[in-house]
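As a plain string of letters, each chain reads:
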Amino acid sequence: MVEQMDGHSVDTVARSEQRWAYVVAGTIFFMFAVIVYNGLHWVAQPPSNVETIDAGRLHLVGEFVETNLGTEVVSDRSVVVRVTAEQYSFVPSCIVVPADTEVVFRLTSPDVVHGFLIAGTNVNSMVVPGFIAEVRTRFDQPGDHLMPCHEYCSVGHQAMWARVKVVDRLEFARSYASQLRASCAG
Ligand code: CUA
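Residues numbered from 1 in each chain as written. Predicted model: local features only at pLDDT ≥ 70, side-chain atom pairs only at ≥ 80, totals over all residues. Heavy atoms only, no water.

(A) Representation of the pattern of salt bridges in the model. Following the criterion strictly, the structure yields twelve salt bridges and no others. Arg-57 is paired through a salt bridge with Asp-54; the nearest N and O atoms lie 3.8 Å apart. For Arg-57, a relative accessible area of 42% puts it in the partly exposed group. Given the relative accessible area of 44%, Asp-54 is considered partly exposed. The partner of Arg-77 in a salt bridge is Asp-100, with the nearest N and O atoms 3.3 Å apart. Placement of the pair is Arg-77 in the loop between strand 1 (70-75) and strand 2 (78-86) and Asp-100 in the loop between strand 4 (94-98) and strand 5 (102-108), with a sequence separation of 23 residues. Among the residues examined, Arg-77 registers a relative accessible area of 41% and is labelled partly exposed. (Salt bridge = Lys/Arg side-chain N within 4 Å of Asp/Glu carboxyl O. Buried < 20%, exposed > 50% of the residue type's maximum accessible area, 1.4 Å probe, protein only. Helix = DSSP H or I, 4+ residues; strand = E, 2+ residues; numbered from the N terminus.)

(B) Quick peek at the state of the cysteines. By the definition in use, this model includes one disulfide. One disulfide in the model links Cys-94 with Cys-184; its S-S distance is 2.0 Å. Taking the torsion about the S-S bond as the criterion, the Cys-94 to Cys-184 disulfide, at about -90°, is left-handed. One end of the pair, Cys-94, is in strand 4; the other, Cys-184, is in the segment after helix 2 (169-175), and 90 residues separate them in sequence. Cys-184 matches Cys-94 in its accessibility class, with the two residues each being buried. (Disulfide = S-S within 2.5 Å.)

(C) Spotlight on the sheet that holds strand 9 (residues 143-148). An order of 4-10-9 is seen for the three strands of this open sheet, with the pairing classed as mixed. Looking along the sheet, the strands with just one partner apiece sit at the ends: strand 4 and strand 9. Along the sheet, successive strands turn relative to each other by an average axial angle of 25°, direction set aside. (Pairing = 2+ DSSP bridges. Axes fitted to C-alpha atoms, helices over the stretch in contact; angles between N-to-C directions.)

(D) Inspection of the nonpolar core at higher detail. Of all hydrophobic cores here, the largest spans 24 residues; its most connected members are Phe-90, Val-97, Phe-105 and Phe-116. Looking at this core, the elements with two or more residues in it are strand 2, strand 4, strand 5 and strand 10 (161-167). With four residues, the top contributor of residues to this core is strand 2. Once you skip the residues sitting within four places of it in the chain, Phe-90 turns out to touch Val-83, Thr-84, Ala-85, Leu-107, Gly-115, Met-147, Pro-148, Cys-149, Met-160, Trp-161 and Ala-162. Judged by nonpolar contacts, the second largest core, of seven residues, contains Phe-172, Tyr-176, Ala-182 and Cys-184. (Core = buried A, V, L, I, M, F, W, Y, C linked by side-chain atoms within 4.5 Å. Contact = heavy atoms within 4.5 Å.)

(E) Quick look at the side chain of Arg-82. Tracing the backbone through its elements, the reader meets Arg-82 in strand 2. Judged by its relative accessible area of 11%, Arg-82 falls in the buried class. Reaching out from Arg-82, the side chain makes a polar contact with the side chain of Glu-72 at a distance of 2.8 Å. Look past the residues within four positions of Arg-82 in its chain and what remains in contact with it is Glu-63, Phe-64, Asn-68, Leu-69, Gly-70, Glu-72, Val-91, Pro-92, Arg-106 and Arg-181. (Polar contact = N/O pair within 3.5 Å; in protein donor to acceptor, adjacent residues only side chain to side chain.)

(F) Quick peek at the environment of Arg-174. Within the secondary structure, Arg-174 is located in helix 2. Note: C-alpha distance between Arg-174 and Leu-60 (114 residues apart in sequence) is 32 Å.

(G) Layout of a nonpolar patch on the surface. Among the surface-exposed residues, Phe-30, Met-31 and Val-34 lie close enough to one another that they form a single nonpolar patch of about 300 Å² accessible area. By the element assignment, Val-34 lies in helix 1 (residues 7-44). (Patch = residues over 30% accessible without salt bridge, like charges linked within 9 Å, V, L, I, M, F, W, Y side chains within 5 Å. Areas by Shrake-Rupley, 256 points an atom, 1.4 Å probe, with all protein chains shown as cover.)

The structure is reproduced here in structure tokens:
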């Protein structure tokens, strides 16, 4: 083909090919730079909440003592839910939250790594002893969700799950808000 073209066409083709080569090389370089940048950035700054706690003294002092577990009403439009994940249950085992409200889950473990997942939502985190897992979410509709442990945590793993009961805001205010730390666990 090239032999049949005059000099002008050959130049045009060569320039065009060179431009495309630059575009491809630039794209590859950009993608590579993004990978390197992300790797270095997230090594220095992990994407999850990094807050440490003494796993051996959870039940004795601080935020995760038993009387402080459950749903705390922080304001008209937000609640904080504190939960411990331990072999082989979540405490409380039934979590009640109001719909259409900002919900901050704070979880930690006194023993081994557990998983925290709320079915039907994108809430999903590991619960690592020594760290506090924090997940913010909002439930638009009242309803019940299963909350299974999804990290194998030894022989009782498959029996480790809780329920999340999302109730209408008014019902929550009427039935649960008077409790200092609300839950629907029996
Ligand atoms: Cu806890 Cu699996």
